[in-house]
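The residues making up each chain are set out below.
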Amino acid sequence: MIHFYYGPGPNPAKIALFLAETGMAFEAIPVDTYRGAQHDPSFRAINPNGKVPALVDTDGPQGSPAILFDSTAILLYLAEKMGQFLGTAQNRPQLLSWLMFVATGLGPFSGQAVHFQHAAPEGLDYAVHRYRREAERHYQVLNDHLEGRSFIVGDHYTIVDMSAWGWLDRAARVMKGEERPLERWPNLVT
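Worth saying up front: this structure is predicted, and the values here are computed from it rather than measured.

Reading guide: rules and limits
Residues numbered from 1 in each chain as written. Predicted model: local features only at pLDDT ≥ 70, side-chain atom pairs only at ≥ 80, totals over all residues. Heavy atoms only, no water. Helix = DSSP H or I, 4+ residues; strand = E, 2+ residues; numbered from the N terminus. Rg over C-alpha atoms; globule rule 2.2 N^0.38 Å. Buried < 20%, exposed > 50% of the residue type's maximum accessible area, 1.4 Å probe, protein only. Contact = heavy atoms within 4.5 Å. Areas by Shrake-Rupley, 256 points an atom, 1.4 Å probe, with all protein chains shown as cover. Lys, Arg positive; Asp, Glu negative; His and termini not counted. Charge placed at Lys NZ, Arg CZ, Asp CG, Glu CD. Core = buried A, V, L, I, M, F, W, Y, C linked by side-chain atoms within 4.5 Å. Salt bridge = Lys/Arg side-chain N within 4 Å of Asp/Glu carboxyl O. Expected span 1.5 Å × (residues − 1). Pairing = 2+ DSSP bridges.

## What about the overall build of the protein?
Now for step 1: Assigned secondary structure in the protein consists of seven helices and four strands.
Now for step 2: Order of helices (α) and strands (β) in the protein, N terminus to C terminus: β-α-β-α-β-β-α-α-α-α-α.
Now for step 3: Relative to the 2.2 N^0.38 estimate, which gives 16 Å for 190 residues, the radius of gyration of the protein is 17 Å and therefore close to what a compact globule would have.
Now for step 4: With respect to the three principal axes, the spread of C-alpha positions in the protein is 50 × 45 × 25 Å.
Now for step 5: Taking all 190 residues of the protein together, 47% fall into the buried category.
Now for step 6: Sequence-distant contacts in the protein: of pairs separated by 6 or more residues, those separated by 24 or more amount to 62%.
Now for step 7: Accessible surface for the protein amounts to roughly 10000 Å². Of this, 53% is attributable to carbon and sulfur atoms.
Now for step 8: Charged side chains in the protein number 16 positive and 20 negative. The centres of these two groups are separated by 5 Å.

## Some words on the side chain of Glu-136
Now for step 1: Examined against the element boundaries, Glu-136 turns out to sit in helix α5 (residues 125-145).
Now for step 2: According to the relative accessible area criterion, Glu-136 is buried, its value standing at 18%.
Now for step 3: When neighbours within four sequence positions are excluded, Glu-136 is seen to be in contact with Met-175, Glu-178, Arg-184 and Trp-185.

## Quick notes on the nonpolar core
Now for step 1: Counting residues in hydrophobic clusters, the biggest one holds 44 residues, and the most contacted among them are Phe-18, Leu-78, Tyr-139, Leu-142 and Ile-159.
Now for step 2: Looking at this core, the elements with two or more residues in it are β1 (2-6), α1 (10-22), β4 (66-69), α3 (71-82), α4 (92-118), α5, α6 (159-168) and α7 (171-174).
Now for step 3: Top element by residues in this core is α4. It accounts for eight residues.
Now for step 4: Among the nonpolar cores identified, the runner-up in size contains nine residues, and Ile-29, Ala-37, Ile-46 and Val-56 belong to it.

## Some details on the pattern of salt bridges
Now for step 1: For the structure on display, the rule yields eleven salt bridges.
Now for step 2: The partner of Arg-132 in a salt bridge is Glu-178, and the shortest N-O contact between them spans 2.5 Å. With Arg-132 in helix α5 and Glu-178 in the segment after α7, the pair connects residues that are 46 residues apart, well separated along the chain.
Now for step 3: Here Arg-132 falls in the buried class, since its relative accessible area comes to 15%.
Now for step 4: On the basis of relative accessible area, Glu-178 is assigned to the partly exposed category, the value being 25%.
Now for step 5: Here the residues in one salt-bridge network are Arg-132, Glu-136, Glu-178 and Arg-184, joined through shared partners.

## Quick word on α5
Now for step 1: Under the 1.5 Å per step criterion, the end-to-end length of α5 is 30 Å for 21 residues, consistent within 8% with the ideal 30 Å.
Now for step 2: Within α5, burial applies to Ala-127, Val-128, Arg-132, Glu-134, Ala-135, Glu-136, His-138, Tyr-139, Leu-142 and Asn-143.
Now for step 3: Packing partners of the buried residues in α5 comprise α4, α6 and α7.

## What about the pairing of strand β3 (residues 54-57)?
Now for step 1: A two-sided burial pattern is seen for β3, the buried positions comprising Ala-54 and Val-56 on one face and Leu-55 and Asp-57 on the other.
Now for step 2: Two elements, β1 and β3, share four bridges in a ladder whose sense is antiparallel. The partner of Tyr-5 across the bridge, within β3, is Ala-54.
Now for step 3: Relative to β4, β3 runs antiparallel, the two being bridged by four bridges. Paired with Ala-54 across the strands is Phe-69, a residue of β4.

Shown next as structure tokens:
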């Protein structure tokens, strides 16, 4: 059984999308991040970093439980377990490269842009502009890559598309104040 620990946000949404796409049986366990439940000792035993998502697979490798955290690690694990959404062996280097692009670039810079525009105290203009510009730059890199393509890697929908969707779906929060936030990047509009 898959125990999926989630809260609001783009990273848990990626895992929810994967689970829905595969039809895997799972138990959804909400973690009230507004209350700070991600810091409760019982949750920190699953994810020492105190973030959602997290996952416990009671039928992990060799029948032992597997505990995972970080949306990228969870996507890779589930895709390998199910043998789905990994693309072809030939595309594996690109899959890993683009997956890390989302995990280390698009996601973190988008998240910081959201934080500094919506939650941080006013007057931090440098931070607002830095993270928003970097999010925009990542959008441009991905938009350029998708020119003439339907999917980020190869000819099939993969976990990279799911991972990018988690953040692209929240472009209105990342690009605060823009009515059509992805208009400048037409290849990102699905």
